[in-house]
Amino acid sequence: APPLMALKAACAAAVTAGTTVTFFNMDDEEHWPASASHPSHTVYPTEGGCIGSTFDACEGLAQGESFEFTFNEVGEWSYHDHLSPGQSGIIIVE
């Protein structure tokens, strides 16, 4: 099963390139996972998302909703909650 990242708290995970990570909202508030940094979302190096990088849910996720992203680029990729930018985490892709 792919790694599951809860959006209620900051998380860190190490995965291999090509892994799909699921960001799941377990909170009663909306969360919008996206590449750092706020508000440009350009740290993950693939262009074409709704704001910057393709690592971007492009909308707030309600409780029980999820967003999946496949990490193909090796590196350390910070992400944040676009609706609460102080909440952040990191995905380490090896």
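Only a predicted model underlies this, so the values are computations on that prediction, with no experimental measurement involved.

A. The arrangement of the overall build of the protein chain in detail. A tally of helices and strands in the protein chain yields 0 helices and 7 strands. For the protein chain, the α and β elements follow one another from N to C terminus as β-β-β-β-β-β-β. Burial status across the protein chain gives 38% buried among its 94 residues. Intrachain contacts of the protein chain at a sequence separation of at least 6 include 55% that bridge at least 24 residues. Summed over its atoms, the accessible surface of the protein chain is roughly 4700 Å², and 51% of this surface lies on carbon and sulfur atoms.

B. Region of the structure containing the sheet that holds strand 2 (residues 12-15). Strand order across the open sheet formed by 4 strands is 2-7-6-4, with mixed pairing between neighbours. Because the sheet does not close on itself, it has two edges, and the strands there are strand 2 and strand 4 (33-35). Here the average twist between neighbouring strands, direction ignored, is 30 degrees. The pairing of strand 6 (residues 75-81) with strand 7 (residues 84-93) spans 7 bridges and is classified as antiparallel. Residue pairing in the sheet places Trp-77 in a bridge with Ile-91 of strand 7.

Parameters and conventions
Residues numbered from 1 in each chain as written. Predicted model: local features only at pLDDT ≥ 70, side-chain atom pairs only at ≥ 80, totals over all residues. Heavy atoms only, no water. Helix = DSSP H or I, 4+ residues; strand = E, 2+ residues; numbered from the N terminus. Buried < 20%, exposed > 50% of the residue type's maximum accessible area, 1.4 Å probe, protein only. Contact = heavy atoms within 4.5 Å. Areas by Shrake-Rupley, 256 points an atom, 1.4 Å probe, with all protein chains shown as cover. Pairing = 2+ DSSP bridges. Axes fitted to C-alpha atoms, helices over the stretch in contact; angles between N-to-C directions.

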